[in-house]
Amino acid sequence: MAINVMVAKAHEGQLKDPAIKEEYASVQRAINSAQLDYQEDTVNLVFLKGMYKHQERKMTTVCLFVNKLDKPLKELHGDMRLKFKNKDALIAKATLDFDEAFMGELPKDTGLLVHLSLPVKGLQEDQVFTIKDISGTLMVTGT
C-alpha cells in the first residue's frame, strides 16, 4: 500500500522553497519504493536520515511517523528512541508533543515528515547516517 507523505501544518509554507519541495518529493518516492512492513493499529516510526555535526554534538534526523490507525490523528504524543546499529555512541531520547496546531490532521496511511535535532554522545566527526545505520522505536502515549 502506498503511503502519502505530508509536512506538519506549521511547516506547509516551507514547501515554497525548491530545495525543501525536492526533499519532500524524494521522500515520497523513496518511502513507496522501499516497500516497508508497517505494523497495523499503531503509529510507525521510519528513520530516514541523520546528519551529525560534531561541533554542535547534535544530529538532525529526518523521520516519518506513519499513521496505521483506523482514524486520523490530530495529536501525537510519545517517546522516540534511536540507536546506532554498529557504533558505540548514544542518541538522546526525544519526547514528542505534537498538537493539532502544529501537526494538522494525519490521515490513515499517511506519514508525517519531521526533522528533529537530537544530542549525540560518542562520535568524533561529522557524519551522515541512513536507515541502514540507525534503528528506532516509538512509544505512543497519546493520540
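Quick note: structure is the one above.
Residues numbered from 1 in each chain as written. Predicted model: local features only at pLDDT ≥ 70, side-chain atom pairs only at ≥ 80, totals over all residues. Heavy atoms only, no water.

### Side note on the pattern of salt bridges
Next up, step 1: Under the definition given, this model contains six salt bridges.
Next up, step 2: We note a salt bridge from Lys 108 to Asp 70, for which the minimum N-O separation is 3.3 Å. In this pair, Lys 108 is assigned in the loop between helix 2 (100–103) and strand 7 (110–121) and Asp 70 in the loop between strand 3 (58–67) and strand 4 (76–84), connecting sequence segments 38 residues apart.
Next up, step 3: A single salt-bridge network, built from bridges that share partners, covers Glu 40, Lys 68, Asp 70, Lys 108 and Asp 109. (Salt bridge = Lys/Arg side-chain N within 4 Å of Asp/Glu carboxyl O. Helix = DSSP H or I, 4+ residues; strand = E, 2+ residues; numbered from the N terminus.)

### Here's the deal with the nonpolar core
Next up, step 1: Residues Phe 65, Met 80, Phe 84 and Leu 112 are the most contacted members of the largest nonpolar core, which totals 31 residues.
Next up, step 2: Counting residues per element, the ones that place at least two in this core are strand 2 (43–53), strand 3, strand 4, strand 6 (94–98), strand 7 and strand 9 (134–142).
Next up, step 3: No other element matches strand 7, which puts five residues into this core. (Core = buried A, V, L, I, M, F, W, Y, C linked by side-chain atoms within 4.5 Å. Buried < 20%, exposed > 50% of the residue type's maximum accessible area, 1.4 Å probe, protein only.)

In short, shape yes, function no, at least from these values alone.
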